[in-house]
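Reading the structure
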Amino acid sequence: MNKHLMSFSIIFLGICILLGSWLISQSLKSEQVNKTEHELFRYELISPNDSNIIIFDKQSGEYWRKFIEPNEGPIDWENQPSPFSNSLK
């Protein structure tokens, strides 16, 4: 009888460990998918003309502008104020 009880206990423990691991992996997987879908389309690359590139952050409303041609303006990214944040206030 003691031999059967020990075998049953080991099998039950193994099933509990597998079920617990599966539940934890499913919960972590669903959190990663939600964050990925939310962050996937946050930024938009806009090219209004041949000498400018704009990266627009849809979540905060900020955008960064960069001139492509070095002789016509700064070559570093500049953080620009959002035109939408002033109009909403």
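This text gives an overview of the structure that appears in the document. Just so we're clear, the structure is a prediction, and the values are computed from it rather than from any experiment. (Residues numbered from 1 in each chain as written. Predicted model: local features only at pLDDT ≥ 70, side-chain atom pairs only at ≥ 80, totals over all residues. Heavy atoms only, no water.)

So, about the pairing of strand β1 (residues 43-49). In the sheet, β1 pairs with strand β2 (residues 52-57) via 5 bridges, with the strands oriented antiparallel. Note that in β2 the partner of N49 across the bridge is N52. Remark: 2 residues form the turn of the hairpin made by β1 and β2, two consecutive strands paired antiparallel. (Pairing = 2+ DSSP bridges. Helix = DSSP H or I, 4+ residues; strand = E, 2+ residues; numbered from the N terminus.)

This part covers the pairing of β2. In the sheet, β2 pairs with strand β3 (residues 63-67) via 5 bridges, with the strands oriented antiparallel. Note on β3: the bridge partner recorded for N52 is F67. Linking β2 to β3, which pair antiparallel, is a turn of 5 residues; within it G61 sits at a positive phi near 85°.

Attention now goes to a nonpolar patch on the surface. A cluster of nonpolar side chains, namely L5, F8 and F12, defines an oily patch on the protein surface of about 360 Å² accessible area. Turning to its location among the elements, L5 is positioned in helix α1 (residues 2-40). Overall, the relative accessible area of 51% leaves L5 in the exposed class. (Patch = residues over 30% accessible without salt bridge, like charges linked within 9 Å, V, L, I, M, F, W, Y side chains within 5 Å. Areas by Shrake-Rupley, 256 points an atom, 1.4 Å probe, with all protein chains shown as cover. Salt bridge = Lys/Arg side-chain N within 4 Å of Asp/Glu carboxyl O. Buried < 20%, exposed > 50% of the residue type's maximum accessible area, 1.4 Å probe, protein only.)

Structurally, D76 is set in the loop between β3 and β4 (78-80). As for D76 and K66, which are separated by 10 residues in sequence, their C-alpha atoms are 6.2 Å apart. Sequence-distant contacts of D76, that is, excluding residues within four places in its chain, are made with R65 and K66. (Contact = heavy atoms within 4.5 Å.)

You can see D57 is positioned in strand β2. Here the side chain of D57 touches R42 through a polar contact of 2.8 Å, side chain to side chain. Looking at D57, its side chain comes within polar contact range of the side chain of S60, at 2.8 Å. Setting aside its immediate chain neighbours within four residues, D57 contacts R42, Y43, E62 and W64. (Polar contact = N/O pair within 3.5 Å; in protein donor to acceptor, adjacent residues only side chain to side chain.)

The subject of this paragraph is the pattern of salt bridges. Should the charged atoms of two oppositely charged side chains come close, the side chains can pair. Per the stated rule, a full pass over the model turns up 2 salt bridges. Measuring nitrogen to oxygen at the nearest pair gives 2.8 Å for the salt bridge that ties R42 to D57. On the criterion of sequence distance, the pair formed by R42 in the loop between α1 and β1 and D57 in strand β2 is long-range, its members being 15 residues apart. Take D57: its relative accessible area is 2%, and that puts it in the buried class. Where K58 meets E44, a salt bridge forms, and the shortest distance between an N and an O atom there is 3.6 Å.

Purely geometric stuff here, so don't read any function into it on its own.
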